[in-house]
Amino acid sequence: MPRSCLCGLPAPYDACCGRFHRGEAAAATAEQLMRSRFSAFGVGDAAYLLRTWHPSARPARIDLDRKTRWVRLEVLESTGGSVVHTEGTVRFRAHYLDRGRPCEMEEHSRFVRLEGRWVYAGTM
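Below, the structure is looked at part by part. Bear in mind that the values here come from a model prediction, so they are computed numbers and not experimental data.

### Regarding the overall build of the protein chain
For step 1, the next point in the chain: Looking only at helices and strands, one finds three helices and four strands in the protein chain.
For step 2, the next point in the chain: Its helices and strands in sequence order give the protein chain the pattern α-α-α-β-β-β-β, from N to C terminus.
For step 3, the next point in the chain: With the C-alpha coordinates aligned to their principal axes, the bounding extent of the protein chain is approximately 40 × 30 × 30 Å.
For step 4, the next point in the chain: Residue burial in the protein chain is summarised as follows: out of 124 residues, 38% are buried.
For step 5, the next point in the chain: Once local pairs closer than 6 in sequence are excluded, the contacts in the protein chain between residues at least 24 apart make up 43%.
For step 6, the next point in the chain: Carbon and sulfur atoms provide 50% of the accessible area of the protein chain, an area that totals close to 7300 Å².

This is the structure in C-alpha cells:
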C-alpha cells in the first residue's frame, strides 16, 4: 500500500506532495504550497523548501534536524491564496516529535505569487 502523505490530505505521498517535491507540478493554492512545505520538512527535502521560499526572505541554506519527526498537520484557517489571488495566508498547527517527545507549533504564514508560482513569504 502506498505511503500516506504527511500533509493531512487523504492521498498517497507520491500522488500528493511528492509530485511537487519532484518538480512535476506546482501548488495551485497557498494552502497546497503550505501543505507541501510541511511534507518537505517531513521527508527532509531542504531543496524544495529553499525553492519555494521568497528570495527576499530565503536563508542561504537549511539544516534539517534529523531528530525531529514531523507527524501531523492541522490547517486552522486560510485567507485568499486561491487560484485567482496573488496573496494568501494559512494558519496551521504542526505536530512533531523532538527526540521522541511530542511537541507542536502554530504559525500564521504569508504566501505570495512570484512569477506565477506560490512562494512562502514569512509569518504574520
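### Examining the pattern of salt bridges
For step 1, the next point in the chain: This model, assessed by the stated rule, comprises 12 salt bridges.
For step 2, the next point in the chain: Put simply, R93 and E106 hold a salt bridge, and the shortest N to O gap is 3.0 Å. In this pair, R93 sits in strand β2 (residues 87–98) while E106 sits in strand β3 (residues 101–114), placing the two residues 13 residues apart along the sequence.
For step 3, the next point in the chain: Sharing partners across several salt bridges, the network here consists of R72, E74, E77, R91, R93, E104 and E106.

Analysis parameters
- Residues numbered from 1 in each chain as written.
- Predicted model: local features only at pLDDT ≥ 70, side-chain atom pairs only at ≥ 80, totals over all residues.
- Heavy atoms only, no water.
- Helix = DSSP H or I, 4+ residues; strand = E, 2+ residues; numbered from the N terminus.
- Buried < 20%, exposed > 50% of the residue type's maximum accessible area, 1.4 Å probe, protein only.
- Contact = heavy atoms within 4.5 Å.
- Areas by Shrake-Rupley, 256 points an atom, 1.4 Å probe, with all protein chains shown as cover.
- Salt bridge = Lys/Arg side-chain N within 4 Å of Asp/Glu carboxyl O.

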